[in-house]
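Okay, here's what each chain looks like letter by letter:
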Amino acid sequence: MMNSIHTIAFDADDTLWVNETYFHEAETAFCELFKDELPYETVVQELFAIEMKNLHLYGYGVKGFMLCMIEVAGRLSSGVAHGSIIEKIIEIGHNLLQKPVELLDGVAETLDYLKDRYRLVVATKGDLLDQERKLAKSGLQEYFHHIEIMSDKKTNDYQKLIRHLDCQPEHFLMVGNSIKSDILPVLETGSYAAHIPYHITWAHEQHEEKPESDLFLEFRNIREILDYF
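Here the residue index of a chain counts from 1 through its sequence in written order. Per-residue local features are limited, in this predicted model, to residues with pLDDT of at least 70; the limit for side-chain atom pairs, both in listing and counting, is 80 or more; totals at the level of whole chains, interfaces and linings are taken over all residues. No hydrogens and no water enter the side-chain calculation; it runs on all heavy atoms of the structure.

Participant: Which residues make up the confidence of the model for the chain, and what values do they have?
Facilitator: For the chain, mean pLDDT is 92; residues scoring 70 or higher make up 97% of the total. What pLDDT conveys is the predictor's confidence in a given residue, as a value from 0 to 100. Only DSSP runs of H or I with at least four residues qualify as helices, and only runs of E with at least two residues qualify as strands; both kinds are numbered from the N terminus onward. Mean pLDDT across the elements of the chain ranges from a minimum in helix 4 (residues 83-97), with 92, to a maximum in strand 1 (residues 7-10), with 98.

Participant: Which residues make up the packing of aromatic side chains, and what values do they have?
Facilitator: Two rings from Phe, Tyr or Trp (for Trp, the six-membered ring) form a pair when their centres sit within 6.5 Å of each other. Planes less than 30 degrees apart are called stacked, planes more than 60 degrees apart edge-to-face, and all others tilted. Tallied over the full model, the rule gives 4 aromatic pairs. Consider the rings of Phe 10 and Phe 144, whose centres lie 6.5 Å apart with planes at 65°: the pair is edge-to-face. A residue pair is termed long-range when its members are at least 10 positions apart, and Phe 10 in strand 1 and Phe 144 in the loop between helix 6 (128-138) and strand 3 (146-150) qualify at 134 residues. We call a residue buried when its accessible area falls under 20% of the maximum for its residue type, exposed when it is over 50%, and partly exposed in between, using a 1.4 Å probe and counting protein chains only. For Phe 144, a relative accessible area of 11% translates into the label buried. Each ring, one from Phe 219 and one from Tyr 228, has its centre 5.3 Å from the other, and the planes form 70°; the classification is edge-to-face. Residue class for Phe 219 comes out buried when judged on its relative accessible area of 3%. Its relative accessible area of 37% is what places Tyr 228 among the partly exposed residues. Here Arg 117 stacks its cationic end above the ring of Tyr 113, 3.8 Å away from the centre of that ring. Two limits define a charge over a ring: the Lys NZ or Arg CZ must be within 6 Å of the ring centre, and within 35 degrees of the ring normal. A cation over an aromatic ring shows up here: Lys 125 above the ring of Tyr 60, its NZ or CZ 3.9 Å from the ring centre.

Participant: Explain the nonpolar core to me, and be specific about the residues and the numbers.
Facilitator: Put simply, buried Ala, Val, Leu, Ile, Met, Phe, Trp, Tyr and Cys residues joined by side-chain atoms within 4.5 Å make one nonpolar core. Ile 8, Phe 10, Leu 16, Leu 111, Leu 120, Phe 144 and Ile 225 are the most contacted members of the largest nonpolar core, which totals 26 residues. For this core, the secondary-structure elements that each account for two or more residues are strand 1, helix 5 (107-114), strand 2 (119-125), strand 4 (172-176) and strand 5 (192-195). Top element by residues in this core is helix 5. It accounts for 3 residues. Note on contacts: a residue pair is in contact if any heavy atoms of the two residues lie within 4.5 Å. Sequence-distant contacts of Leu 111, that is, excluding residues within four places in its chain, are made with Phe 10, Leu 16, Leu 120, Leu 140, Tyr 143 and Phe 144. Of all hydrophobic cores here, the second largest spans 23 residues; its members include Tyr 22, Leu 47, Met 69 and Val 72.

Participant: Quick rundown of unusual backbone geometry? Include the residues and the values.
Facilitator: Peptide bonds are trans in most cases, and residues, glycine excluded, mostly fall at negative phi. One non-glycine residue, Asp 14, lies in the positive phi region at around 70°. Its location among the elements puts Asp 14 in the loop between strand 1 and helix 1 (20-32). The class of Asp 14 is buried, set by a relative accessible area of 6%. Positive phi values are uncommon outside glycine, yet Asp 166 reaches one of about 55°. With respect to the helices and strands, Asp 166 occurs in the loop between helix 7 (155-164) and strand 4.

See the structure below:
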């Protein structure tokens, strides 16, 4: 494997830097707005249902999350969300968009070692402006040959990326925290995929069963990649 890999792609959120932790905090702040009327779990379930309903319209990212919170607020207030609640929701969203970029442990050192030995790529999904902001603030841009901000991560999306990179599937490795988005569709292309779990996973990304494939690797942290390369 060490001799066959030429290109290594990294997911960004919760692989290179903290993300889901901040969304979880924002979700908690949203639920607090209704703490006197509804149980926390009821609000969480309603928000997730609306997120799934609107995913094909809004895609992934903070702005779609804000719109979903506003829609849920309207539903929970009989269709009339108070202006003060809307203002608080917008504040929650703005705070989320301005969170610091906190690199995960070992990221900078690992990329620094790999950058002159492999072609490194970011392959992440989400809102274009927000992901560009986080990448710029991360200080990691210098390590990457190419940045791909994807609207989704299906098999055909990875196939397009691999073709764009003029790379054969057997020479491509994807590294990410989501079995559903970063591993399974990549394995379907005939490429290698390495899973690095993060301690919080969005419900939509949860997938408990690990793939049985010779192309699948699993690490406890990003530094363990260096044991292979």
